[in-house]
Amino acid sequence: MVRLNVILLLALVFCSLGVVTAQHKARKIFQALEAEQEHARQLEVEFGQLQLELSTWGAAPRIEKIAREKLKMNTPETGQVITSTSTGGASR
């Protein structure tokens, strides 16, 4: 009977250690998950800011300003404008 009690006690100790180890690993993994989720949120905010910046850099008034100031371009006079028309594409 004593031998059975010792075996059961050892089994209980090993199972308890297994439960504690599993809980510890689960907590560490959960902490890592939360850290990665926070990092993902920060990246989403940064992505939104970059999209806004990109739309600002490509805005028509900015491009026109650069064309006028740095490239010394100007809007052509009415007589300088040449228009072309397409011939309609492929024939049937």
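Residues numbered from 1 in each chain as written. Predicted model: local features only at pLDDT ≥ 70, side-chain atom pairs only at ≥ 80, totals over all residues. Heavy atoms only, no water.

Trainee: Could you clarify how one ought to interpret the overall build of the protein chain in this entry?
Mentor: Secondary structure summary: the protein chain contains two helices and zero strands in total. The C-alpha radius of gyration of the protein chain comes to 36 Å, more than 25% above the 12 Å expected for a compact globule of 92 residues. Over its C-alpha atoms, taken along the principal directions, the protein chain stretches across nearly 110 × 50 × 15 Å. Taken across its 92 residues, the protein chain has 1% of its residues classed as buried. Here the protein chain carries 11 positive and 9 negative side-chain charges, and the mean point of each set is 9 Å from the other. (Helix = DSSP H or I, 4+ residues; strand = E, 2+ residues; numbered from the N terminus. Rg over C-alpha atoms; globule rule 2.2 N^0.38 Å. Buried < 20%, exposed > 50% of the residue type's maximum accessible area, 1.4 Å probe, protein only. Lys, Arg positive; Asp, Glu negative; His and termini not counted. Charge placed at Lys NZ, Arg CZ, Asp CG, Glu CD.)

Trainee: Honestly, the environment of Thr-75 in this entry has me stumped. Any pointers?
Mentor: Along the polypeptide, Thr-75 turns up in the segment after α2 (60–69). C-alpha of Thr-75 to C-alpha of Glu-44: the two residues are 31 residues apart in sequence and 40 Å apart in space. Of the polar contacts made by the side chain of Thr-75, one reaches the side chain of Arg-68; its length is 3.3 Å. (Polar contact = N/O pair within 3.5 Å; in protein donor to acceptor, adjacent residues only side chain to side chain.)

Trainee: What should I look at first to understand a nonpolar patch on the surface in this one?
Mentor: Judged by side-chain polarity, Val-2, Val-6, Leu-9, Leu-10, Leu-12, Val-13, Phe-14 and Leu-17 come together as a nonpolar surface patch covering roughly 790 Å² of accessible area. In this fold, Leu-17 is placed in helix α1 (residues 2–57). (Patch = residues over 30% accessible without salt bridge, like charges linked within 9 Å, V, L, I, M, F, W, Y side chains within 5 Å. Areas by Shrake-Rupley, 256 points an atom, 1.4 Å probe, with all protein chains shown as cover. Salt bridge = Lys/Arg side-chain N within 4 Å of Asp/Glu carboxyl O.)

Trainee: Would you mind going over unusual backbone geometry with me for this structure?
Mentor: With the exception of glycine, the majority of residues adopt a negative phi angle, and the majority of peptide bonds are in the trans configuration. A positive phi angle, near 55°, is found at Lys-72, a position not held by glycine. Topologically, Lys-72 is positioned in the segment after α2. The class for Lys-72 is exposed, based on a relative accessible area of 66%.

Trainee: Help me out: how do you make sense of the pattern of salt bridges in this one?
Mentor: Opposite charge on two side chains makes pairing possible when the charged atoms of those side chains draw close. Applying the stated criterion across every chain yields a total of two salt bridges. Of the charged contacts in the structure, one is a salt bridge between Arg-41 and Glu-38, with a shortest N-O distance of 2.9 Å. Here the residue Arg-41 and the residue Glu-38 both occupy positions in helix α1, the gap between them amounting to three residues, near one helical turn.

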